[in-house]
Amino acid sequence: MDVLYLPLFTAFGVPTTLAEGLAFVTGAVCVWLVARQHIANWGIGIANCLLFIVIFTDSGLYADAGLQVVFIALGVYGWRNWVRGGGPTADALPVSRTGRTEWIGLAGAGLLGLAAITTLLVVATDSTVPFWDALTTVLSLLATYGQCRKRVESWWLWIAADVVFVPLYAYKGLYLTAILYIGFMVLCVIGLRNWQRDLEARRRPAEVAA
């Protein structure tokens, strides 16, 4: 485990570890594969989560570290869902939109989760950024749920999370990770465009048939 803390280089006076470098690579590859709807994203994403458990625990971002455990469980679910979620007449789970009832449920769960995680971090940890740590945790969970179900709006939730992640990681001295999340935002825009295009392509035959 100690090898993961070996320094690769120093940026802005802060050493970047091997763990952060590996997380950079696996994270970028994972998001690129998600944008292309490639099933391999789930395995690489799980490896990325394991690396971030090490990084975030060391940086005092406890909610983000715990979030990775949930991501691993959701990764297993998403992997299975992408393979088998299309039903007996489909080869794979199709891209779809989030319904109104689903949005209401997600909003309610998000607000409750934000309040609960913020309170937990204030009471039980020495976190210096409890609200922002909790906010990124909640947005990431909602986005991952949408990704597991192939909801096109999940990309907007990822973009919102990344907008907070970038300054948060820079504040914690995780400069390479902050740069990675800027790249994630670019990949999220590409993923959003690709999934919207796929959704429109699926709608056209149905409209013609109608």
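From a predicted model like this one, the values you see are computed outputs, not experimental measurements.

(A) Just the nonpolar core, in detail. Membership of the largest hydrophobic core comes to 53 residues, with the highest contact counts inside it found for Phe52, Ile55, Phe56, Trp155, Tyr169, Tyr181 and Trp195. Taken together, the elements giving at least two residues each to this core come down to helix H1 (18-35), helix H2 (41-59), helix H3 (62-84), helix H4 (100-124), helix H5 (130-148), helix H6 (154-171) and helix H7 (175-209). Among the elements that make up this core, the one with the highest residue count is H6 (10 residues). Excluding its chain neighbours within four sequence positions, the residues that come into contact with tryptophan 155 are Val31, Val34, Ala35, Leu187, Cys188, Gly191, Leu192 and Trp195.

(B) Structural detail: empty space enclosed by the protein. Within this structure, the stated rule accounts for two cavities of 30 Å³ or more. A volume near 430 Å³ is recorded for the largest cavity. What lines the largest cavity is a set of 25 residues, among which Cys30, Asn48, Phe71, Gln147 and Trp158 lie closest to the centre. Looking at the lining of the largest cavity element by element, the count peaks at eight residues for H2. Of the residues assigned to the lining of the largest cavity, the class counts are 15 nonpolar, nine polar and one charged.

(C) Layout of unusual backbone geometry. For glutamine 37, which is not glycine, the phi dihedral falls at a positive 55°. Looking at where glutamine 37 falls in the secondary structure, it is placed in the loop between H1 and H2. The backbone phi angle of lysine 150 is positive, close to 55°, even though this residue is not glycine. Assignment of secondary structure puts lysine 150 in the loop between H5 and H6. When its relative accessible area of 4% is taken as the criterion, lysine 150 is described as buried.

(D) Broad picture of the packing of aromatic side chains. Scanning the model with the defined rule gives 11 aromatic pairs in all. Considering the side-chain rings of tryptophan 155 and tryptophan 195, the 5.4 Å spacing of their centres and the 80° angle between planes classify their relative orientation as edge-to-face. Here the residue tryptophan 155 occupies a position in helix H6, and tryptophan 195 occupies one in helix H7, the gap between them amounting to 40 residues. Here the two residues tryptophan 155 and tryptophan 195 agree in accessibility, since each one is buried. Summarising the aromatic geometry, the rings of tyrosine 181 and phenylalanine 184 are spaced 4.7 Å apart at their centres and angled 65° between planes, so their arrangement reads as edge-to-face. One end of the pair, tyrosine 181, and the other, phenylalanine 184, are both in helix H7, three residues apart, so they sit about a helical turn from each other. Each residue in the set Phe52, Phe56, Phe165, Tyr169, Tyr181 and Phe184 is aromatic and connected to the rest through ring pairs, giving one cluster. The side chain of lysine 150 reaches across the aromatic face of tryptophan 82, ending 4.4 Å from its centre.

The rules behind these values
Numbering of residues starts from 1 in each chain and follows the order in which that chain's sequence is written. pLDDT decides what is reported in this predicted model: residues at 70 or higher carry local features, side-chain atom pairs at 80 or more are listed and counted, and totals for whole chains, interfaces and linings draw on all residues regardless. Processing note: side-chain calculations cover all non-hydrogen atoms of the structure and skip hydrogens and water entirely. By nonpolar core we mean a set of buried residues, namely Ala, Val, Leu, Ile, Met, Phe, Trp, Tyr and Cys, connected to one another through side-chain atoms within 4.5 Å. The rule is simple: take the accessible area with a 1.4 Å probe, protein chains only, and divide by the maximum for that residue type; under 20% is buried, over 50% is exposed, in between is partly exposed. A run of H or I in DSSP counts as a helix once it spans at least four residues, and a run of E counts as a strand once it spans at least two, with each numbered from the N terminus. Contacts are residue-level and defined by heavy atoms, with any inter-residue pair within 4.5 Å sufficient. Any residue with an atom within 4 Å of a point lines the site, the site being either a cavity, points on a 1 Å grid over the protein atoms alone where a 1.4 Å probe fits but cannot get out, or a pocket, an open set with protein on both sides within 12 Å along at least 5 of 7 lines. Grid points are joined across faces, edges and corners, and a volume is the space filled by probe spheres set on the points. Gly is placed with the polar residues, together with every amino acid not listed as nonpolar (Ala, Val, Leu, Ile, Met, Phe, Trp, Tyr, Cys and Pro) or charged (Asp, Glu, Lys and Arg). Working definition: a ring pair exists when centres of Phe, Tyr or Trp rings (six-membered ring for Trp) sit within 6.5 Å. Plane angles under 30 degrees give stacked, over 60 give edge-to-face, the rest tilted. Charge-over-ring contacts are defined here by two conditions on Lys NZ or Arg CZ: a distance within 6 Å of the ring centre and an angle within 35 degrees of the ring normal.

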